[in-house]
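# Residue-level structure breakdown
Chain residues, written in single-letter form:
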Amino acid sequence: LAQVFAQALQRTPRCLSSIFLGEMPCECQWGLSSLFIGAFVILAAGVFTFFPVFLGLFDYPWYIALCWLWFGIGVFFFVIGCLFEVMGCQKAGRWHNAKAREGDDDGAAAPTPYIMINA
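Fair warning: this is a prediction, and the values are worked out from it, not measured in the lab. (Residues numbered from 1 in each chain as written. Predicted model: local features only at pLDDT ≥ 70, side-chain atom pairs only at ≥ 80, totals over all residues. Heavy atoms only, no water.)

Attention shifts here to the packing of aromatic side chains. This structure, assessed with the given rule, holds 8 aromatic pairs. Taken together, a centroid distance of 5.3 Å and an interplanar angle of 35 degrees make the contact between Phe50 and Phe54 tilted. One end of the pair, Phe50, and the other, Phe54, are both in helix α3 (residues 30-55), 4 residues apart, so they sit about a helical turn from each other. By relative accessible area, which is 38% here, Phe50 ends up partly exposed. Their ring planes at 70 degrees and their centres at 5.7 Å tell us that Phe76 and Phe77 sit as a pair that is edge-to-face. In this structure Phe76 comes out as partly exposed when scored by relative accessible area, which is 49%. Phe77 gets classed as partly exposed once you look at its relative accessible area, which sits at 32%. In this structure an aromatic cluster arises from ring pairing among Phe50, Phe51, Phe54, Phe58, Tyr60, Trp62 and Tyr63. (Phe/Tyr/Trp six-rings, centres within 6.5 Å; stacked < 30°, edge-to-face > 60°. Helix = DSSP H or I, 4+ residues; strand = E, 2+ residues; numbered from the N terminus. Buried < 20%, exposed > 50% of the residue type's maximum accessible area, 1.4 Å probe, protein only.)

Dropping the structure here:
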């Protein structure tokens, strides 16, 4: 069975095989993504809570409980995103700001400015 799985991985595209092997082909920003997802879910829960609170529509206990559940899920993602960003859990990669702090140390000088010649 392991041999069949290994052969199947060899025939799959690179992006799928890297997912199966535990590699991250996209170098995702988990902290920033979690922050945005959490904020979006919190806002959506607030919009859906607007109907029973202010308009008197969908004033069912199960509906309000679902709004609280989604609010809790949003808070969870938001807190996880904050922790990832504050604690620096993101590995350095293509999109991480650690490379921007390094700068270019290849010793190349600035290019010579272009001078317009009047004819």
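Relative to the elements of secondary structure, Glu85 occurs in helix α4 (residues 61-87). Given the relative accessible area of 39%, Glu85 is considered partly exposed. In this structure, the C-alpha to C-alpha distance between Glu85 and Ser34, residues 51 residues apart in sequence, is 9.7 Å. Ignoring anything within four residues of it in the chain, the contact list for Glu85 reads Gly31, Leu32 and Leu35. (Contact = heavy atoms within 4.5 Å.)

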